[in-house]
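A closer look at the structure
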Amino acid sequence: RMLHFKCRNVKYPFSEVQRFPVSDDQVPWNFQFENYQPVEYTSPVLLNKPWADPDVSDNNFKPRWNALDGVINRKSHEGEYAIQHGRPLNIRGRTGISGRGILGKWGPNHAADPIVTRWKMDNGVKILHNKTNLPILQFCAIQRRDNNEWAIPGGMVDPGETITATLKREFQEEALNSLEANTEQLEKDRNIIADFFKGGIEVYKGYVDDPRNTDNAWMETVAYNFHDDTNLSVGKFALQAGDDAKSVQWMDIDQTLALYASHINFIKIVVRLRNCHW
Ligand code: RP5
Ligand code: MG
Ligand code: MG
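Below is a summary of the structure that appears in this document. The structure displayed is predicted, hence computed values, not measured ones. (Residues numbered from 1 in each chain as written. Chains lettered and ligands numbered in written order. Predicted model: local features only at pLDDT ≥ 70, side-chain atom pairs only at ≥ 80, totals over all residues.)

What follows concerns the overall build of the chain. If you tally the helices and strands in the chain, you get three helices and 15 strands. The principal-axis extent of the C-alpha atoms belonging to the chain is close to 60 × 45 × 30 Å. The buried share of the chain, taken over its 278 residues, is 39%. (Helix = DSSP H or I, 4+ residues; strand = E, 2+ residues; numbered from the N terminus. Buried ≥ 20, exposed ≤ 12 C-beta atoms within 10 Å, placed from the backbone.)

As structure tokens, then:
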């Protein structure tokens, strides 16, 4: 399994909590790490939040680990995770923090990431990169309000929601500001959007190296590529940031991009798929 980096050896987001140091070797749970003393941290923000799990010590909390638990998916895309002292163990290994941090669910927290792409064009003609001679692909990137990092406009799968619905909803909320925008335009575009989101290709399913991950809670995602080959569909839309996005843009893709969590790895898969400049 791949190592995680963004949830190790740094301060935990929105807190002063410093993670217990974990070297590359020490990540796997089967590595003997006698002196491992992760900092216990569950954000007080989670207390009594309807979307968050209760504490594992709560007698009324009877989660079904590694299973579909009513409308909550507690299965990992990466296989079976272990349970220790009543808590799931991070499927990729140690992070230096025990507890849930700011994640609502113990174990996997499921998200979906819509990678919406178009070609960089000049009057309907693809622009080729001057070094590689390959067409330049652009993706719809949002700047996250929580940490200013650029990212795919993904979001959490609501209880009982299908991945297909999450992909389309999060794109509309974060990149088209559907929660606030003038609904007249969105109404006009509704059929275009519906058609466009039927044509997705799954490019990644699994763990996300997210800075919010802990030893007992972590992000997982399903990423889909939705591609507008002509810029006559969603590619022609004027983007407008909304909800947890503070800005949005069509961003040229190349290997120097610095993106949130492990999003660059998902973009790289799309690059191979579309045979574009990198
Ligand atoms: C990442 O966090 C996922 O890849 C997805 O992009 C995002 C979901 O969380 P929020 O945007 O709702 O904070 O791990
Ligand atoms: Mg969102
Ligand atoms: Mg989001």
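Once that is clear, we can look at the site of ligand 1. Taken together, 13 residues lie around ligand 1, and Ala111, Gly154, Val208, Asp210 and Met219 are the ones closest in. Of the residues assigned to the shell around ligand 1, the class counts are seven nonpolar, three polar and three charged. (Near = placed C-beta within 6 Å. Nonpolar A, V, L, I, M, F, W, Y, C, P; charged D, E, K, R; others polar.)

For the rest of this paragraph, the subject is the environment of Arg87. When you line up the elements, Arg87 lands in strand E5 (residues 87-88). Remark: the alpha-carbon pair of Arg87 and Ile264, spanning 177 residues in sequence, is separated by 30 Å. With sequence-adjacent residues up to four places away left out, Arg87 is seen in contact with Val56, Trp106 and Asn216. (Contact = placed C-beta atoms within 7 Å.)

This part takes up the environment of Tyr224. Within the secondary structure, Tyr224 sits in strand E14 (residues 217-228). Considered as a pair, Tyr224 and Ile163 are 61 residues apart in the sequence and their alpha carbons are 9.6 Å apart. Those residues in contact with Tyr224 that lie beyond four places of it in its chain are Pro114, Ile115, Leu167, Gly200, Ile201, Glu202 and Val203.

Bringing the pairing of E14 into the picture now. Of all 12 residues making up E14, 12 are buried, and the element is well covered by its neighbours. Side chains Ala217, Met219, Thr221, Ala223, Asn225 and His227 of E14 all project onto a buried face; the interleaved residues Trp218, Glu220, Val222, Tyr224, Phe226 and Asp228 project onto the opposite face, where all are buried too. Here strand E7 (residues 107-119) pairs with E14 via 12 bridges, running parallel. Looking across to E14, one finds that Ala111 is bridged to Thr221. Sheet topology note: the strand E13 (residues 201-207)/E14 ladder contains six bridges and is antiparallel. (Pairing = 2+ DSSP bridges.)

Let us look at the environment of Lys105. As for its position among the elements, Lys105 is in the loop between strand E6 (97-101) and E7. Placed 53 residues apart in sequence, Lys105 and Ala52 show a C-alpha to C-alpha distance of 5.9 Å. Look past the residues within four positions of Lys105 in its chain and what remains in contact with it is Asp53 and Ala217.

The next point concerns helix H2 (residues 183-196). Look at H2: 19 Å from first C-alpha to last across 14 residues, which is about the 20 Å you get at 1.5 Å a residue. For H2, the tally of buried residues reaches only one of 14 residues, placing the bulk of the element at the surface. (Expected span 1.5 Å × (residues − 1).)

On to unusual backbone geometry. Most peptide bonds are trans, and most residues other than glycine sit at a negative phi. One non-glycine residue, His85, adopts positive backbone phi at about 50 degrees. Structurally, the position occupied by His85 is in the loop between strand E4 (83-84) and E5. His85 gets classed as exposed once you count the C-beta atoms within 10 Å, which come to 8. The backbone of Asn148 sits at a positive phi, close to 65 degrees, despite the residue not being glycine. Asn148 sits in the exposed class, given 10 other C-beta atoms within 10 Å.

The biggest cluster of nonpolar side chains holds 45 residues, and the ones touching the most others in it are Ile115, Val116, Phe139, Cys140 and Ala175. Secondary structure elements with two or more residues in this core: E7, strand E10 (137-144), helix H1 (163-175), E13, E14, strand E15 (245-252) and helix H3 (263-274). Ranked by residues supplied to this core, first place goes to E14 with seven residues. Apart from residues lying up to four places away in sequence, Phe139 is in contact with Ile115, Val116, Thr117, Met251, Ile253 and Ile267. (Core = buried A, V, L, I, M, F, W, Y, C linked by C-beta atoms within 7 Å.)

Read these as spatial facts, not as claims about activity.
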